[in-house]
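# Coordinate analysis (summary)
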Amino acid sequence: MYINSIRGVRDLLPEDVKKLRYIERICREIVEKYGFKEIILPTIENSVLYQHSVGETSDIVTKQMFEIVNKDEKDKKNIVLRPEGTAGIVRAFVEHNLKDKYPLKRFYYFGSMFRYERPQKGRFREFYQFGIEIFNEFSISSDLLLINIINEIFQNLKIEIILEINTIGCLECRKDFVNILKEKIKDFNIQLCNLCDERLKKNPLRIFDCKTDFPKLKEKLDDFNIQNYLCEKCKFNFQQILFGLSEQKINYIINPMLVRGLDYYNGFVFEYKTKLLDAAQNTLCAGGRYDSLITKFLSKDIPACGAALGIDRIMEVLEILEKEESFKVGISVVNETFLIKAFEILKMLSLKNKNIIFLGPFSKKSLKSQMRLLNNENCKYVLVVGEEVKDNNIVLKNFMNNTQQVVNLNKIEEYLKI
Ligand SMILES: [Zn+2]
Ligand SMILES: [Zn+2]
C-alpha cells in the first residue's frame, strides 16, 4: 500500500530541519537576551478562544480552522488545532495568573500552527511560527523594542527585509474612520463577495484582506488614509514611533492599507516583507499592538504587543547554510565475532568524546562494504576491530591520507585528531 502525506502539509527532511533549527536557534538566542521566557502551548484549544480574540469575521475563524471531531459523540466540545499563537499565550497568561508571577512579562513561543488554506508555494496548512509577546509595557518603548529585536534577527539571518508600518488607531478614533470607510465602500456600489457583505456590516477593515474584493477597491480607496482620521493621542503616538525609528536610522515604509487580518490589533502595526517571494506570500513577520485583547479575558487593562515570524517562508529565503564539517569516526569489524568488542570500544569512546560522531559497527557487511559506506559518510578515521584486539590493539585507518597503523586502544584518542 502506498500512502502519501495529506494535501498542504509536508515532511521536513534533514536539510530542511537543519534550516528550521538554525532559524529557531537564532530567534531563541536573541529574544532570550532581551529577557523573553518560553511558553510551550498545547496544539489544541477551544475554538471560542479564537472567536473572542482573532475575531468572528476574520479569515481564520470563518474558514481556516481545523476542527477536531471526537468520535465519542457525547464529547462535542469544538476543539480546534491552533491557527496562531498569541491567543494561546494570552489564555495561558490569564489562566496561570502570570501577571503576578513575573515582573517582566515578556514571553515567546515556537511551534506549528494550522490553517485550512489553498496550498501554494510558501503556504502550508501546517506551518511554523516563532512569536514574541510583551505584556504590561506601554507603547513606544515596547513597539521600538519589538522592531529592534526583529531587525536583529533578520540581520543575523542575513536576510534583507522591507519594514512596512501603519497605525489603525484606538477603539475611539477607529469608530469614526470605519464609518467613513463603510460609507465610501457602499458608494462605490461594487458587488462584494458574501463574506465581505457581512464584513461591511461588522468589520469593514477586514475587507482589506479579501483577495477578490480588495484589488477592486484598492485604487478607489487611494484617498482614504487612516492617518487623516486619527485622534490626537494616536497621532502623537505614531509620530513618536516614526521619530524613534528615524533617529535609529531604521528604514521603513508607511503602508496606509496595512490593517492586519486579526481583530485584536490596535495602534501600531507592522509587517516585514521580502523581495525574494511573490507578493501573495512575501510577509516574513507581522505584528503590532493589541492593548484590549487581555481585557477581554481579564477585567483589567494590560497593554500588549507582539510579533510572529513565519519560519517556513524564512526558510525559503535563507541562503544555503555553510556545511559545517562534523568530525566523524567509523568503527568496523573484520567479521561478526568482533561485534561485541566493537560495541565496547564504541561505548568507551562515545562517553568521553562528545564532539565526535561515531558510525558503526555493522552486521552482515563485508569489511570492504563497511569501508565504502564509512568513506561515503566522510569519516576521517576508521577503527578496524580484528584479531589484534586480543592484544588490546586495533587497526586505525586514516581516510585523509589513506594510511593505516596498529594502535593500542589506550592511546587511541591521541590519534583521533584532524
Ligand atoms: Zn485614537
Ligand atoms: Zn470579499
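Cut-off values and rules
- Residues numbered from 1 in each chain as written.
- Chains lettered and ligands numbered in written order.
- Predicted model: local features only at pLDDT ≥ 70, side-chain atom pairs only at ≥ 80, totals over all residues.
- Helix = DSSP H or I, 4+ residues; strand = E, 2+ residues; numbered from the N terminus.
- Rg over C-alpha atoms; globule rule 2.2 N^0.38 Å.
- Buried ≥ 20, exposed ≤ 12 C-beta atoms within 10 Å, placed from the backbone.
- Contact = placed C-beta atoms within 7 Å.
- Axes fitted to C-alpha atoms, helices over the stretch in contact; angles between N-to-C directions.
- Left-handed = near helix turned anticlockwise from the far one by under 90°.
- Nonpolar A, V, L, I, M, F, W, Y, C, P; charged D, E, K, R; others polar.
- Core = buried A, V, L, I, M, F, W, Y, C linked by C-beta atoms within 7 Å.
- Domains from an automatic or database assignment.
- Pairing = 2+ DSSP bridges.
- Expected span 1.5 Å × (residues − 1).
- Arc of directions from axis to C-beta.

## A short note on the overall build of the chain
What the chain contains, in helices and strands, is 15 helices and 16 strands. In terms of overall size, the chain is more extended than a compact globule, its C-alpha atoms giving a radius of gyration of 28 Å where 418 residues would be expected to give roughly 22 Å. Dimensions of the chain along its principal axes, counting C-alpha atoms only, are 90 × 55 × 45 Å. Counting all 418 residues of the chain, 31% fall into the buried class. Of all intrachain contacts in the chain linking residues separated by at least 6 positions in sequence, the fraction that spans at least 24 positions is 69%.

## Some thoughts on the packing of helix α1 (residues 14–33) against helix α6 (residues 141–156)
Taken N-terminus to C-terminus, the directions of α1 and α6 make an angle of 140°; their axes are 10 Å apart at the nearest point. In the crossing of α1 with α6, the sense of the turn from one axis to the other is right-handed. Contacts between α1 and α6 pair Ile26, Cys27, Ile30 and Val31 from the former with Ile149, Glu152, Ile153 and Asn156 from the latter. Looking at the contact of α1 with α6 residue by residue, the class counts come to six nonpolar, one polar and one charged.

## Brief notes about the nonpolar core
Among the nonpolar cores identified, the biggest contains 65 residues, and Tyr50, Val54, Leu146, Ile150, Cys285, Ala304 and Leu309 are the most heavily contacted of them. If one sorts the elements of this core by residue count, α6 sits on top with six residues. Contacts of Tyr50, omitting those with residues within four sequence positions, involve Ile60, Val61, Met65, Val80, Pro83 and Ala87.

## A few points about the domain arrangement of the chain
For the chain, the assigned domains read domain 1 (14–170 + 231–317) and domain 2 (327–415). Of note, the centres of domain 1 and domain 2, computed from C-alpha atoms alone, are 50 Å apart.

## Observations concerning the sheet that holds strand β16 (residues 403–408)
The five strands are arranged β13-β12-β14-β15-β16 in an open sheet whose pairing can be described as mixed. Strand pairing shows two members of the sheet lacking a second neighbour, β13 (356–359) and β16, which therefore form its edges. Here the average twist between neighbouring strands, direction ignored, is 25°. Two elements, strand β14 (residues 381–385) and strand β15 (residues 393–398), share four bridges in a ladder whose sense is antiparallel. Its bridge partner lying in β15, Leu383 is registered against Leu396. Its contacts with the sheet put helix α13 (residues 339–352) on β12 (327–333), β13 and β14, and the angle it makes with β12 is roughly 160°.

## Things to note about α1
With 20 residues, α1 should reach 28 Å at 1.5 Å per residue; the first-to-last C-alpha distance of 28 Å fits that figure. Of the positions making up α1, those classed as buried are Lys19, Ile23, Cys27 and Val31. Buried residues of α1, seen end-on, are gathered within an arc of 90° and therefore sit on one face of the element. Opposite its buried face, α1 presents the exposed residues Pro14, Glu15, Val17, Arg21, Arg25, Glu29 and Lys33, each directed more than 90 degrees away. Turning to α1, the residues buried within the fold contact β5 (105–114), β6 (126–135), α6, β11 (304–310) and α12 (311–317).

## Overview of the pairing of strand β9 (residues 266–273)
Of all the eight residues making up β9, seven are buried; the element is thus mostly covered by neighbouring parts of the structure. Sheet analysis places strand β7 (residues 162–167) next to β9, joined by six bridges and oriented antiparallel. Looking at the pairing, Glu164 lines up with Glu271 of β9. In terms of strand pairing, β9 meets strand β10 (residues 283–289) through six bridges, oriented antiparallel. What sits directly across from Asn266, in β10, is Arg289.

## Structural notes on the environment of Ile394
Mapped onto the fold, Ile394 is located in strand β15. A tally of 25 C-beta atoms within 10 Å means that Ile394 is categorised as buried. Between the C-alpha atoms of Ile394 and Val382, which are twelve residues apart in sequence, the distance is 9.9 Å. Beyond its immediate chain neighbours, meaning those up to four positions away, Ile394 contacts Leu383, Val384, Val385, Glu388, Val389, Val407 and Leu409.

## So, the sheet that holds β9
Read from one edge to the other, the open sheet built from eight strands follows the order β1-β5-β6-β11-β10-β9-β7-β8, with strand pairing classed as mixed. What marks the edges here is a single partner per strand, and that holds for β1 (37–38) and β8 (253–254). Contacting β6, β9, β10 and β11, α6 crosses the sheet at an angle of about 15° to β11.

## Describing the environment of Glu183
Tracing the backbone through its elements, the reader meets Glu183 in helix α7 (residues 171–188). Among the residues examined, Glu183 registers 10 C-beta atoms within 10 Å and is labelled exposed. Between the C-alpha atoms of Glu183 and Pro119, which are 64 residues apart in sequence, the distance is 35 Å.

## Thoughts on the pairing of β16
Counting buried residues in β16 gives zero out of six residues, a small share hidden from the surface. Taking the residues that link successive antiparallel strands as the turn, the β15-β16 hairpin has four residues, and the phi of Asn402 there is positive, at about 55°.

## Remarks on unusual backbone geometry
Here the bond from Gly360 into Pro361 is cis, since omega is -5°, no more than 30 degrees from zero. Located in the positive-phi region is Asn189, a residue other than glycine, with phi close to 55°.

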